[in-house]
Every structure is written in C-alpha cells, then in structure tokens.
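# Summary of the model geometry
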Amino acid sequence: MQVDPRGQRFAAAVTTVVLIGVLVQGSWVLLACQALVFALGTVFGLRYGPYGMVFKLLIRPRLAPPKDYEDAAPPRFAQGVGLVFALVGTAGYALGIEWLGIGATAFALGAAFLNAAFGFCLGCEMYLLIRRISPKKHSDWEVPA
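Report on the accompanying structure.

Procedures and definitions
- Residues numbered from 1 in each chain as written.
- Predicted model: local features only at pLDDT ≥ 70, side-chain atom pairs only at ≥ 80, totals over all residues.
- Heavy atoms only, no water.
- Axes fitted to C-alpha atoms, helices over the stretch in contact; angles between N-to-C directions.
- Helix = DSSP H or I, 4+ residues; strand = E, 2+ residues; numbered from the N terminus.
- Parallel < 35°, antiparallel > 145°, perpendicular 65-115°, else oblique.
- Left-handed = near helix turned anticlockwise from the far one by under 90°.
- Contact = heavy atoms within 4.5 Å.
- Nonpolar A, V, L, I, M, F, W, Y, C, P; charged D, E, K, R; others polar.
- Salt bridge = Lys/Arg side-chain N within 4 Å of Asp/Glu carboxyl O.
- Buried < 20%, exposed > 50% of the residue type's maximum accessible area, 1.4 Å probe, protein only.

Packing of helix α4 (residues 73–94) against helix α5 (residues 98–118) leaves a shortest axis separation of 7 Å and a crossing angle of 155°. Taken together, α4 and α5 sit at an angle that is classed as roughly antiparallel. Relative to α5, the crossing made by α4 is left-handed. Here α4 contributes F85, V88, G89, G92 and Y93 to the contact with α5, which in turn contributes E98, L100, G101, I102, A104, T105, F107 and A108. Of the residues contributing to the contact of α4 with α5, the split by class is 8 nonpolar, 4 polar and 1 charged.

At their nearest, the axes of helix α1 (residues 5–25) and α5 sit 8 Å apart, and the two run at 150° to each other. Judged by the twist between their axes, the crossing of α1 over α5 is left-handed. The segment α1 lies against α5, with Q8, R9, A12, A13, T15, T16, L19, I20, V22 and L23 engaging I102, T105, A106, A108, L109, A112, F113, N115, A116, A117 and F118. Across the contact of α1 with α5, the residue classes tally to 15 nonpolar, 5 polar and 1 charged.

Two side chains carrying opposite charge are able to pair once their charged atoms lie near each other. Evaluated as defined, the whole model comprises 2 salt bridges. Between R6 and D4 there is a salt bridge, with its nearest N and O atoms 2.8 Å apart. Between D4 and R60 there is a salt bridge, and its shortest N-O distance comes to 3.4 Å. Remark: R60 occurs in the loop between α3 (50–59) and β2 (70–71) and D4 occurs in the loop between β1 (2–3) and α1; sequence separation between them is 56 residues. Judged by its relative accessible area of 6%, D4 is buried.

Right, here's the structure in full:
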C-alpha cells in the first residue's frame, strides 16, 4: 500500500501538539488517547487512524495530487514504535513514576517533531535499518494491511 507523505507530516504535527499538551499537563489520560491513535494506525493501517482520516477527508481534497507516494510499511512501523513509547509513558504517569512518563513522552515528541518539521521519520529509518540487517524476509514479519 502507498500513502501520501503529506498525510504523515500532518499526523506528526498533530501528534506533536498533543504530546506537548501531555508534557504541560502531565496527563496520562491524554497520553492514553494518543496511544489509542497510534494503536489504530498500527493495527488497521494509516488511512484508518484518526489523523489519517482527518487528512483524507478535510485536507487532501484541498491540495494538488502528491508528486509521489511512499510505502506504508515504514510509517506504520513508526506508529508502532510511538505506541510503545506512549504506553510506557501512560504507565509512568498513571503509576506516579513521573520521570518515566516525562521521558517516554519526550522521546515520542522528539520523533514526532522531527517528522512534522523536517520530514525525517525516525521510526521509518529504524524500520529500514532493521529490514537491511534482518536475516528474515520482509514479508515474514510485517503486519498485513
């Protein structure tokens, strides 16, 4: 499956704003909501995540067609990495281990900001690196669309 890379940058921008809100408020509930967003994108695919749907329905129709598309597997993997950090952060905040909540949220925020501001997807780069060094075939460990 191919995706519009502008949608990924939009989702990263919204995620950046949400994660800043989490750090300002120290809210495990808001971080849990972001974890749900990551989970939906990871499990069902990027176009079915809430931010992807907003982009598809409200923003993309107002834009020119993209010059190129990209493979959905790397950003979908990145959503999974974001999910792990969001779950760890949620657990940290909810259990009163504030440093864990702040740290996990800050790492996720850094990755989201890099994608939103510069188009550099850290999770996508991790995916490509793992794919290069993994002895298994790519299709053996990818989540089906």
